[in-house]
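Letter by letter, the chains look like this.
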Amino acid sequence: MSASPESIPAYPLDDEQALRLHDALAGLTPGQLQWVSGYAAGVAAANAGIDAPVAPAGHADSAEALTILYGSQTGNGEQIANQLAAAAGDKGFAVTLKSLADYKPANLKRESMVTFVVSTHGEGDPPDDAELFREFLLSTKAPRLESLNFSVLALGDTSYLNFCQTGREFDARLAELGAKRLLPIVECDVDYEDAANAWAGSLLDALPAVIGAGNAAPKLRAVELPAKHDKNRPFAAEVLTNQKITGGASTKDVRHIELSLEGSGLRYEPGDALAVLVENPPALVAQLIDALGFDGASNVDVRGSSRSLRDALSLDLEITSTNLGFLQAWGAISGDERLQALLDDRQELRRLIDTWQVIDVVREFPADTDAQTFVNALRKLTPRSYSIASSLAANPDEVHLTVAAVRYEAFGSEHWGAASTHLADRLEAGDSVKVYVEPNTRFRLPANDATDVIMVGPGTGVAPFRAFVEERAERGAAGRNWLIFGDRNFSSDFLYQLEWQRHLKEGRLDRLDVAFSRDQARKVYVQDRIRESAHELFEWLDNGAHLYVCGDAQHMAGDVDAALIDVISSQRNVGRDSAEAQLKELRRAGRYQRDVY
Amino acid sequence: MSTALSDVERIKAASRHLRGTLVESLRNPITGALADDDTQLSKFHGIYQQDDRDLRSERTRQKLEPAYSFMIRARVPGGICTPAQWLNMDDVATRHANGTIRLTTRQAFQLHGVVKTRLKQTIQEINRQMTDTLAACGDVNRNVMAPTHYDLSHVHRQVAEEARRLSAHLTPATSAYHEIWLDGEKLDDGEADVEPIYGDTYLPRKFKSAFVVPPQNDVDVFAQDLGFIAIVEDNELAGYNVTVGGGMGMSHGETATYPRLADVLGFCRPDDVLRVAEAVVTTQRDFGDRTNRKHARLKYTIDDRGVDWFRDQVVERSGVTLEAPRSFAFVGNGDVYGWQRDDAGRWHYTLFIQNGRVADTGERRLMTGLREIAKVLHGEFRLTPNQNLSISNLSDDSKALVDGMLGEFGIDNTSQATPLRLHSMACVAFPTCGLAMAESERYLPSLIDRLDAAMADAGLAGDAITIRMTGCPNGCARPYIAEIGLVGKGPGRYNLYLGAGFAGQRLGCLYRENANEEEIVAALSPLFSSYSVGRDVNEHFGDFLVRTGVVREVTAGRTFHAAAGDR
């Protein structure tokens, strides 16, 4: 392609436009010109309301192609996979990009190069979309894979045990099956960006050794319009409302927070999350500095930039939770034998990670160290994600969140969650908070408005369902909506009670079941309501209903899963294994979606 | 005036003898409330839906419905209650309600703060001891009152027995109560029920009845729709003067509504009580106004048609010839406190319970003390019409035991309270009563502190004046027949009525409108002073104010709202 003016057709541009374009393109390198052409295609696609192709379709023979498979719960893994696909495409590789849920595991033996981006949830669980693939891979059915090259990028969270478990399983099992490890597994913590970028670079460098970089020139592709606000460019949203929505006698402080998106251009879909850039509790920062005997005004280096220790601890570094990395570092710094012993005791380690904050560790295991060493041991403070509780259609220019303030007494002092108390305690109407939208394509209303939905959302897990019901009402969706909600006490913890009552009365919600665990001697939970309603629930499912679960991953999600298996097994009159398989099939078909954390 | 039936009439008619959709309402887990129509019907079962009004606006902001709970009123005909019944009520209040017992101005029990999910169990447990809640509220005959003083015990016992008979006779016959609350046998749709006295739509409005034995008018017989004044001749019960058409309720700003004192209709023999009562009830059933709830009480039926017309109806329906009323005299409408010995040598102790609230407060462990007394009591309790409690029918030995326990639990403040406080009553009002416009029970005690001081300054520390406060003009604490009547108009604001008779024989007259505490104290202080120096021997405060022209004498309910100069 040449950049000469003659090559610009007179039509469809008028003379003025043609000249302006000529001026704009003058002096660009061929690479830049390619980028511009892609950009223009992207703009055209966006304006026409059609999806711009993010990566070239995997039309190449798979033996010659790079296959990128991702398993992702929060969308981070998918985003990394997308970026990798785009970069590989730019380099001229033929790329196939797929969710593990959409990939037939038996195809593995026909591949020459597969890279996996896979996360781990809770205490070592695979993401929903990787579950069936993992089952196959770890089973005896998995074939020998001698001709396969692979690499694994594992995502996880060191504040949980079994960090990056799923990635590790994939990595080990693929090797066991005879596949060749192109790169050592890379394990990322919640602040994954740097490690993920480095890994992608190494992978692209290593690829030519195993697959051909297409002989043609790099393909042209449309470039996505950059999101206006993201992690690096968050939007400062004004707080419109910060309202406690649990009653006086409640054991919990749950806030309904409304933020203004006016002027941001931010859009979101029901099911998406809002990432909030938080600041650590000032009192905790002060206590921590005090406990360590440091000077808050002293400067430290945080990943290449210099700032005061106080600012670094407030804005940059994670201090309201601990993780394996910090504990190991602090073990080395303090040289404390008790801490070393704890690190070797899985049970104790789990308890420690679950319940201790950084301040508890440094108080319990004092060390003589300097501020920079301490700072280096800490993990980067990551944005906190909250399932959005509003429909944009119903609340133009607003986004609503449902936030449970985490405060507790431990080790003789008050403890605070960073994000929740930042939102609940330290923001009032008129203040602003930095946010960006995190799309969650794995938690979406049915495309067909006539489809029924069943929503299981105890506690703050009800948030996205407030958005769902609002959105379906806006759309005039004909499908029925059934919400199953649970919490501790009817009188104080019935989140959004008045709204649900109004929705019921006006026909926007067709059925509401509630389970309040502490209102009677026998505790009842949402899973009990599911079992009690087995017949109707099964009828809804049989009728094509989509099922959604949002909330606690540690107990609730599993309990609900078990109840659903019971429902299917009793209603279909089949064994447990068969019921489990049917539930998995629902998941695979996208009819059972979960947003659990 | 509209001729369409009021909405409550529609609800009653469609209710299948008070069933409505109560069962479905109780089952609905999404709300702590009943369906709207059912909140009317529940009253017939002794249950009022309320909410904590202190929390109402806060909960709306919290996107939570009001903190609904229920007040349950248990009928106690004549106020007579066994120790076992008391202990049961204490137990139920502690476990299901707000931990206190409220004694009412109609000698009933009230429990507050029972949530919907506990309602059925609470009603069942109240019924364990043969106490029920049916017809404690609603458009029916409510708890029948009877006096609680004892100089002539054998007459009182006869009168109390008559009160129980009348209560039973006028209890609704519907099986809905047993069916809904006590898991009684379910009748086909309620159609099989027959209400021989009330008919399918019950009365147009609530109906109150009482018996009284002069000279103490403790039941406030003139405030009742139907009253029986015992006429004692030669220490024996000769019969009753029948009174009709009393009632307290009115609405602010609506002069067509007014409190009214009953007329004496005539004299009947003891054997004729039930027939006369039934005739009064059925006349009201047939002629009471069912189009306007504010004009539906018997007092308006009588004022609209005349007492003579009404007497004819009663005579014709009952077949009883009413004789000319016999003479009687009342000396006061309060309780006689402390120990009294009756003609049979038994002891009775009337205990002051401020505003009827039985609760432990600091040193004064009323709830605990009465529970412990009930455990050892060989006798009975009597709930008085002034929200107090009599510990009754004791031997000399029991008297000594009870005396000791009253001291032990610090609950005998009969001797410590001033006469003004001993003659005070307040309704519940905030936070639970949905009708309240101003505080009452939570406020009157502190207002009395200030008025006590003003009376002491005027040299009246030892004088009894009746004072009653309500949070709204419906008049549960019968404020219009207290010498100082305070009726809530808005937060911190009350209408002040003065000049009522000490024995409840004359209505008060509006003296200050919309007054706050300072204005109330400022209005009363000079009147205390002039009463102190200007009163005749044994002249009561209300009588003095009327005699000296401070307020006009209100001679009939119809003239209650008349301009100051009118008589």
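Now for a look at the structure at hand. (Residues numbered from 1 in each chain as written. Chains lettered and ligands numbered in written order. Predicted model: local features only at pLDDT ≥ 70, side-chain atom pairs only at ≥ 80, totals over all residues. Heavy atoms only, no water.)

1. With respect to the sheet that holds strand β20 (residues 546-551) of chain A
Sheet strands pair by backbone hydrogen bonding; their relative direction is either parallel or antiparallel. Residue and element names in this part refer to chain A. For the record, the criterion: Two strands are counted as paired when DSSP detects at least two bridges linking them. Strands here mean DSSP runs of E at least two residues long; helices mean DSSP runs of H or I at least four residues long; both are numbered from the N terminus. Each axis is a line fitted through C-alpha atoms, taken for helices only over the stretch in contact, and angles between the N-to-C directions span 0 to 180 degrees.
Read across the open sheet, the five strands follow the order β19-β18-β17-β20-β21; overall the sheet is parallel. Pairing within the sheet leaves two strands with one partner each, and these edge strands are β19 (511-516) and β21 (592-596). Across the sheet, the axes of successive neighbouring strands diverge by a mean angle of 10 degrees, strand direction being ignored. With five bridges connecting them, β20 and β21 associate as parallel partners. In the sheet register, leucine 547 faces β21, and the bridge partner there is tyrosine 592.

2. Points about the pattern of salt bridges
Rule in force here: Any carboxyl oxygen of Asp or Glu within 4 Å of a side-chain nitrogen of Lys or Arg constitutes a salt bridge here. Relative accessibility decides the category of a residue: with a 1.4 Å probe and only protein chains considered, values under 20% of the type maximum give buried, values over 50% give exposed, and everything between is partly exposed.
In total, this model carries 91 salt bridges over all chains according to the counting rule given. Residue Glu318(A) is joined to Arg384(A) by a salt bridge in which the shortest nitrogen-to-oxygen separation is 3.0 Å. Linking Glu318(A) in the loop between α8 (309-316) and α9 (324-334) with Arg384(A) in strand β12 (residues 384-387), this pair joins segments that are 66 residues apart in sequence. Grouping residues by exposure puts Glu318(A) and Arg384(A) together as buried. In this structure, Asp220(B) and Arg478(B) form a salt bridge, with 2.8 Å as the shortest nitrogen-oxygen distance. Note that Asp220(B) is positioned in the loop between β6 (209-212) and β7 (226-233) and Arg478(B) in the loop between β18 (467-470) and β19 (484-490), a separation of 258 residues in sequence. By the burial criterion, Asp220(B) is buried, and Arg478(B) matches it.

3. Considerations on unusual backbone geometry
Residue Pro215(B) is bonded to the preceding Pro214(B) through a cis peptide linkage, with omega at 10 degrees. For Pro215(B), the location among the structural elements is in the loop between β6 and β7. Phi is positive for Arg303(A), which is not a glycine, with a value near 45 degrees. As for its position among the elements, Arg303(A) is in the loop between β10 (299-302) and β11 (305-308).

4. Section: the interface of chain A and chain B
The cut-off we apply is this: A contact between two residues is defined here by any heavy atoms of the two lying within 4.5 Å. Accessible area that two parts lose when put together, with a 1.4 Å probe and added across both, is what the buried area reports. Polar contacts here mean pairs of N or O atoms no more than 3.5 Å apart (in protein, one a potential hydrogen donor and the other a potential acceptor; neighbouring residues in sequence count only if both atoms are side-chain atoms).
The interface of chain A with chain B comprises 18 residues on the first partner and 11 residues on the second. Interface area for chain A against chain B, summed over the two sides, is near 1,300 Å², with a carbon-plus-sulfur share of 57%. Counting across the interface, chain A meets chain B through one salt bridge. Put simply, chain A and chain B have nine residue pairs in polar contact (both at pLDDT 80 or more) between them. Counting residues per element, the ones that place at least two in the side of chain A that touches chain B are β7 (235-244), α16 (490-493), α17 (497-505) and β19 of chain A. A total of five residues in the side of chain A that touches chain B trace back to one element, the largest contributor, which is α17(A).

Interpretation note: all reported values are geometric properties and have no functional meaning in isolation.
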